[in-house]
Structure formats: C-alpha cells, structure tokens
Amino acid sequence: MIRRLVPVLASAALVLSVAACTAEEDEPRSAPQGTAFYTPPADLSEYAHGDLIWSRELEGAMGLEQADVSLVLYAQQGVGGDTVATSGFVAVPDGTAPDGGWPVVTWAHGTTGIADQCAPTRADATIADPAAIGTTSTRLQRWIDSGHAVVATDYEGLGTPGDHPYLIGASQGRAVLDIVRAARQLDPDLSDRVMTAGHSQGGHAALWATSMAPHYTRELDVVGTVAFAPPSHMSLAAEVGLSGEVAVPAALVAMILRGLEVAYPGKIPVDELLNAKGVKLYPQVREECLMDLLGPDRFGLAPMNRFAVKNADADLVRGPLDANDPSFPEVRGPILVVQGTADSVVPQVLTDSLAKAYRARGLDLTYTTYRGAEHTDVLDRSAKQVAAFTAEAFGG
C-alpha cells in the first residue's frame, strides 16, 4: 500500500512544486529603491503589454489624499514594436470598493519635457509651472473624492530607458491603456470600466488611447474621453510656426521634431528646417525639462521662426505629423473637449478645427470653450462640466 502511495505523493509534490513556481513567476518582482526603480530587467520577453513588472509605495503620493498611491513599472508595446518598460502611478481611494470595482480614470499628463528627469513621478516641481502642477493635482483629487481610481502614465521613454516619442499617437495611447492593465494586476478591486482623460499633450494621448482600445485592450470598456486643450492639426502649426505667420513657441516645436526623429529614425531632416542657432540649441530638448527650455539662455519664449532656416519647408514633416494627428483616428463613445479662448499654447483655432472634423464624422462630441481661460486654468474652469460628464459616462 505504501509503495503504491509513493508515486502518487511524488506526482502530487511535483504538481505543487510546478504550481508554486508558476505562481512565483506570475507575481511582480521586488521593486528596487531610488531611481533604480525605473531601470527594468534586461530581458522583457516574458512580459505581455500591460503586465506589471514591479511596484512600491510612492513617496509624496503626487500630492493626492485619501488614497493608496503606488509607483509602478509596467510593460507596453514601444514605438519600434518591441516591449519596453514604462513608469507611472496608481491611486486607489481609501475604503471599500463599490460593486463591480472602482471605476478607473486613466490620466495623461501635459508636456513636461523629453529628458528622463522630466517624468512626473520622478521629478520635482521645477519641471513645470508650479501652478500647473497644483491645478492638475486638484483635478485628479476631484476624481478620487468622487470614488474613482486614478492611474497616470509617465509615457514611453520618459523616466525609463529609451527616448520619449513626444506627441506620437500610438506610443502615448498604448501607455495610457497599458497602465490600466497593470493597475488591475496590482489591485483586483479595479473595474474594467475606464475613462481616458488628459491635458494638452495628454489630451492628444487620451484621444489616441480611446481610438486604440477596441483592438489593443479589448477587455477594457472605455466609457468616455475628456481632452483638455489637446494639440491637433500639428502640420498646420508647424507650417505657420516655421514661417513666422503665428508665434508658435520654439521649445515646443523643437520637442515635436525630436519626437518625430524617435518615431521615424533617419527620416526627419532637422538640419533642413533649423538655422545655425536652432541646430546649436536643439540637443537641449533631450537634456532639459520644459521650464528650463523656456529660459532666456535656451529657446526662451521666442517663436520658432527665429530658429528656422529661411523659407523652411513644412512639407518635409507634414506626412509624419498628419499620421499622429488626433483628428484622424476613430474615437468611439462620448467625447468632451474643453478649450480656453485665451490659450496661447494650443490656440483655439486648432481645437475648433478638431471639433469640426469630429462633427463631420458624426462622433459623439461635446465641445465647450471657456471665455478668457488660458492653457492650464481651463482645468479648473471646466470642473463642474467634467464632473457631470464623468458621472454620465460611468452611469451609462
């Protein structure tokens, strides 16, 4: 009898051993401390996009209260098609999750810069206008206070190895969606019902994320999209900026050119667009954050035409810019776009054109302009409308 049991027990032990190993492999690895957190394992082949690599408590909690806030590193499909590691944070409200789990708002931040130190989760307040940081935190806190988990990506290559593909639609859209997958691995009390939202660069990212969700993250139910002052019609902006017809800030155009270089290596003739002064300053976009780039010894607040060659041909970058414009993808479900009439970063005329394009295609768009609102304070001015839109989107 004992002899008969030995093979059975051995087999059972083997099964338990394999199961234990599998469970161990499925668990996220222990997270390194300090900036080593942002350096992923050398081999990411075992990770699918949206897999959580590791996490730890986020010091400072991004200024958010009444929430458990974690710093996360997760896998996403990179701009080159390979698997890359992207960082971000997950904020889950205190208390017991409602039936069906905490509804999720996946937030995409506005422009901070391209250098690694510009990633919101690893930077200090000097990377951006302090007023903008406070306004964003207030916006996110409102969602937490109304019972929503908030997840927020740093974007591909921002804080983590590799270059940041600034304003490249697919890269940013994947980052916004994959952090939801990672967050749901971290906390099983998160719902599969999601709203994408973002400001400026993040508004662009949110629109792209919603357009990609039906084929990239099919298990997620994207209930709506909120885009605050999203950049669009960028080829037009490049054309009028290079010519001087409109005073487009040089630092922003330089970052756009760098984002194109990352996404289309060897195909963006920067030296045919920038003059000697522009070429000299251009490498700074890879080294400095936005507020530094706007300094008097950098690009400053000068318009792009001061750094462009005479008669610079915007057609050299028109195709890649149009390919990443949010006016082209199919954005399903209800969309709220809000825009300040006094915005000098994303001019109202561009967002008017985006709204016109969406309406011509029959998309479910609500477009509201706020008189006198500038680029950042539109987040506050639209608070009541965004609260109503959020409640209706998740209530539908």
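Residues numbered from 1 in each chain as written. Predicted model: local features only at pLDDT ≥ 70, side-chain atom pairs only at ≥ 80, totals over all residues. Heavy atoms only, no water.

Caption draft 1: The arrangement of the environment of D99 in detail. Position of D99 among the secondary structure elements: in the loop between β3 (83–93) and β4 (102–108). Linking D99 and D189, residues 90 residues apart in sequence, is a C-alpha distance of 9.2 Å. (Helix = DSSP H or I, 4+ residues; strand = E, 2+ residues; numbered from the N terminus.)

Caption draft 2: Main features of the state of the cysteines. Scanning all chains against the criterion turns up one disulfide. A sulfur-sulfur distance of 2.1 Å marks the disulfide that ties C118 to C289. Measuring handedness by torsion sign, the sulfur bridge of C118 and C289 sits at about -105 degrees and is left-handed. Here C118 is found in the loop between β4 and α2 (130–145), whereas its partner C289 is found in the loop between α7 (276–281) and α8 (290–293), with 171 residues between them in sequence. A relative accessible area of 0% means that C118 is categorised as buried. (Disulfide = S-S within 2.5 Å. Buried < 20%, exposed > 50% of the residue type's maximum accessible area, 1.4 Å probe, protein only.)

Caption draft 3: The arrangement of the side chain of D154 in detail. Relative to the helices and strands, D154 is located in the loop between β5 (149–153) and α3 (169–186). Here D154 sits buried without a salt bridge, and the closest side chain of opposite charge, R122, lies 7.5 Å off (N-O distance). Looking at D154, its side chain comes within polar contact range of the side chain of T121, at 2.6 Å. Beyond its immediate chain neighbours, meaning those up to four positions away, D154 contacts Y38, S87, G88, H109, A119, P120 and T121. (Lys, Arg positive; Asp, Glu negative; His and termini not counted. Salt bridge = Lys/Arg side-chain N within 4 Å of Asp/Glu carboxyl O. Polar contact = N/O pair within 3.5 Å; in protein donor to acceptor, adjacent residues only side chain to side chain. Contact = heavy atoms within 4.5 Å.)

Caption draft 4: Summary view of the pairing of strand β6 (residues 190–199). Among the ten residues in β6, eight count as buried, and that is most of the element. Pairing between β4 and β6: six bridges, direction parallel. In the sheet register, V105 faces β6, and the bridge partner there is M195. In terms of handedness, the path from β6 via helix α4 (residues 201–216) over to strand β7 (residues 221–228) forms a crossover that is right-handed. (Pairing = 2+ DSSP bridges. Right-handed = clockwise from strand over helix to strand, strands pointing away.)

Caption draft 5: View of the sheet that holds strand β8 (residues 335–340). With mixed pairing, the nine strands of this open sheet are ordered in space as β1-β2-β3-β5-β4-β6-β7-β8-β9. In this open sheet, the two edge strands, each paired with only one partner strand, are β1 (52–57) and β9 (365–370). Strand-to-strand twist in this sheet, taken as the mean axis angle between neighbours without regard to direction, amounts to 20 degrees. Lying over the sheet, α4 contacts β2 (67–77), β4, β6, β7 and β8, oriented at roughly 145 degrees with respect to β6. Contacts from helix α10 (residues 348–360) reach β8 and β9, with the element oriented near 160 degrees to β9. (Axes fitted to C-alpha atoms, helices over the stretch in contact; angles between N-to-C directions.)

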